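# Notes for the structure review
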Amino acid sequence: MLEAASPRRRVSEIQCPVFLVHGTDDWIVPVEQTRRLNAALRGAGKRVEFVEVNDAGHGDWEDDKEQELLERYIRLLKTAFA
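Residues numbered from 1 in each chain as written. Predicted model: local features only at pLDDT ≥ 70, side-chain atom pairs only at ≥ 80, totals over all residues. Heavy atoms only, no water.

Right, let's get into the pairing of strand 2 (residues 48-53). Side-chain direction in a regular strand flips from residue to residue, so the side chains alternate between the two faces of the sheet. The sheet contact formed by strand 1 (residues 18-23) and strand 2 spans 6 bridges and is parallel. When the sheet's bridge partners are listed, V18 is paired in strand 2 with V48. Read as a crossover between parallel neighbours, the route from strand 1 over helix 2 (residues 31-43) to strand 2 is right-handed. (Pairing = 2+ DSSP bridges. Helix = DSSP H or I, 4+ residues; strand = E, 2+ residues; numbered from the N terminus. Right-handed = clockwise from strand over helix to strand, strands pointing away.)

Written out as structure tokens, the structure reads:
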């Protein structure tokens, strides 16, 4: 069931732009999972941006990085829903 539900295996169903963010020191979800999803999305010709946050874990990046990411989220949403 997990394999069948994997986003990486279902990229053909994705219709919206995707913005992936992952800390390189994440011990909960290995960054390799997001790298694979990024590759699958690109391989399927999907619109995707991928940011690896160096020296960060599972969402514990610095405030300045969080601000930068929030600005990018807003740009993506404006593009997707314009």
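Past the structure itself, the notes keep going.
A few words now on the environment of T24. Mapped onto the fold, T24 is located in the loop between strand 1 and helix 2. Beyond its immediate sequence surroundings of up to four residues, T24 is in contact with V31, E52, V53, N54, D55 and A56. In terms of polar contacts, T24 uses its side chain to reach the backbone amide nitrogen of D55, at 3.1 Å. (Contact = heavy atoms within 4.5 Å. Polar contact = N/O pair within 3.5 Å; in protein donor to acceptor, adjacent residues only side chain to side chain.)

Once that is clear, we can look at a negative patch on the surface. A cluster of acidic residues, D25, D55, D60, E62, D63 and D64, forms a negative patch at the surface. Positionally, D60 belongs in the loop between strand 2 and helix 3 (63-80). (Patch = residues over 30% accessible without salt bridge, like charges linked within 9 Å, V, L, I, M, F, W, Y side chains within 5 Å. Areas by Shrake-Rupley, 256 points an atom, 1.4 Å probe, with all protein chains shown as cover. Salt bridge = Lys/Arg side-chain N within 4 Å of Asp/Glu carboxyl O. Lys, Arg positive; Asp, Glu negative; His and termini not counted. Charge placed at Lys NZ, Arg CZ, Asp CG, Glu CD.)

Let us now look at the nonpolar core. Within the largest apolar cluster, 8 residues are counted, these being F19, V21, V51, V53, A56, W61, L69 and L76. Setting aside its immediate chain neighbours within four residues, L69 contacts F19, V21, V51, V53 and W61. Of all hydrophobic cores here, the second largest spans 6 residues; its members include V11, L20, L41 and V48. (Core = buried A, V, L, I, M, F, W, Y, C linked by side-chain atoms within 4.5 Å. Buried < 20%, exposed > 50% of the residue type's maximum accessible area, 1.4 Å probe, protein only.)

The next subject is unusual backbone geometry. The phi dihedral of D55 falls on the positive side, at around 60 degrees, and the residue is not glycine. Turning to its location among the elements, D55 is positioned in the loop between strand 2 and helix 3. Residue classification places D55 among the exposed positions, given a relative accessible area of 70%.

Attention shifts here to helix 2. Over its 13 residues, helix 2 extends 18 Å from the first C-alpha to the last, a length consistent with the 18 Å expected when each residue adds 1.5 Å. Every buried residue belonging to helix 2 is among V31, T34, L37, N38 and L41, and all of these are buried. Looking straight down helix 2, one finds its buried side chains confined to an arc of 120 degrees; they lie on one side. Those residues of helix 2 hidden inside the fold are in contact with strand 1 and strand 2. G45 lies just past helix 2 and shows a positive phi near 75 degrees. (Expected span 1.5 Å × (residues − 1). Arc of directions from axis to C-beta.)

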